[in-house]
Amino acid sequence: MLYLKVLINALQSDEVKEEAKASLVACLYSHTLQEITTAADEVFTKAAGKVNRDKPAQVLFVLTSVCGFEGDPRNAATSSVPKGR
């Protein structure tokens, strides 16, 4: 469920690059959610200590990587500090 929640949030977010979103959508059309989950689980197992399922940004990075997107899926202008008008 965690992967699906992160995936849905990423598709709805302005903070995720459109190219990363396109990779996720294409991946969903080409593979079952079970296949994507299995591939992501393998990454988390092999990279234990380097990536953490408890951090949504890292889950997003793994999911987009599994789906063929290279690099940081977040927009460069994204900041944790809210911007005023």
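### Examining the state of the cysteines
Consideration 1: Counted according to the given criterion, the structure contains one disulfide.
Consideration 2: The partner cysteine of Cys27 in its disulfide is Cys67, sulfur to sulfur 2.4 Å. As the torsion about the S-S bond is roughly -75°, the Cys27-Cys67 disulfide counts as left-handed. Note that Cys27 is positioned in helix H2 (residues 18–30) and Cys67 in the segment after helix H4 (56–66), a separation of 40 residues in sequence. Across this residue pair, the class does not change: Cys27 and Cys67 are buried.

### Concerning the pattern of salt bridges
Consideration 1: Within the structure shown, the criterion is met by three salt bridges.
Consideration 2: Between Arg74 and Asp72 there is a salt bridge; the shortest N-O distance is 3.1 Å.

### Some remarks on the packing of aromatic side chains
Consideration 1: Tallied over the full model, the rule gives one aromatic pair.
Consideration 2: Here the aromatic rings of Tyr3 and Phe44 are separated by 6.2 Å at their centres, their planes lie at 5°, and the arrangement is stacked. Taken together, the positions of Tyr3 in helix H1 (residues 2–12) and Phe44 in helix H3 (residues 33–46) put the pair 41 residues apart, joining distant regions of the chain.
Consideration 3: A relative accessible area of 8% places Tyr3 in the buried class.
Consideration 4: In this structure Phe44 comes out as buried when scored by relative accessible area, which is 4%.

### Comments concerning the nonpolar core
Consideration 1: Tyr3, Leu24, Val59, Leu60 and Leu63 are the most contacted members of the largest nonpolar core, which has 17 residues in total.
Consideration 2: Of all the secondary-structure elements, those providing two or more residues to this core are H1, H2, H3 and H4.
Consideration 3: Contact partners of Leu60, with chain neighbours within four places excluded, come to Val6, Ala10, Val16, Leu24, Pro73 and Arg74.

### Brief notes about the environment of Ala26
Consideration 1: By the element assignment, Ala26 lies in helix H2.
Consideration 2: Sequence separation between Ala26 and Gly68 is 42 residues, and the spatial gap between their C-alpha atoms is 9.5 Å.

### Looking at the packing of H1 against H4
Helix packing geometry: the angle between the two helix axes and the distance between the axes.
Consideration 1: Interaxial distance between H1 and H4 falls to 10 Å at its minimum, and their mutual angle equals 85°. Here H1 is positioned roughly perpendicular relative to H4, judged by the angle of their axes. For the pair H1 and H4, contact is made by Leu2, Tyr3, Val6, Leu7 and Ala10 and by Pro56, Val59, Leu60 and Leu63, respectively.
Consideration 2: Counted by class, the contact of H1 with H4 contains nine nonpolar, no polar and no charged residues.

How each quantity is defined
Residues numbered from 1 in each chain as written. Predicted model: local features only at pLDDT ≥ 70, side-chain atom pairs only at ≥ 80, totals over all residues. Heavy atoms only, no water. Disulfide = S-S within 2.5 Å. Helix = DSSP H or I, 4+ residues; strand = E, 2+ residues; numbered from the N terminus. Buried < 20%, exposed > 50% of the residue type's maximum accessible area, 1.4 Å probe, protein only. Salt bridge = Lys/Arg side-chain N within 4 Å of Asp/Glu carboxyl O. Phe/Tyr/Trp six-rings, centres within 6.5 Å; stacked < 30°, edge-to-face > 60°. Core = buried A, V, L, I, M, F, W, Y, C linked by side-chain atoms within 4.5 Å. Contact = heavy atoms within 4.5 Å. Axes fitted to C-alpha atoms, helices over the stretch in contact; angles between N-to-C directions. Parallel < 35°, antiparallel > 145°, perpendicular 65-115°, else oblique. Nonpolar A, V, L, I, M, F, W, Y, C, P; charged D, E, K, R; others polar.

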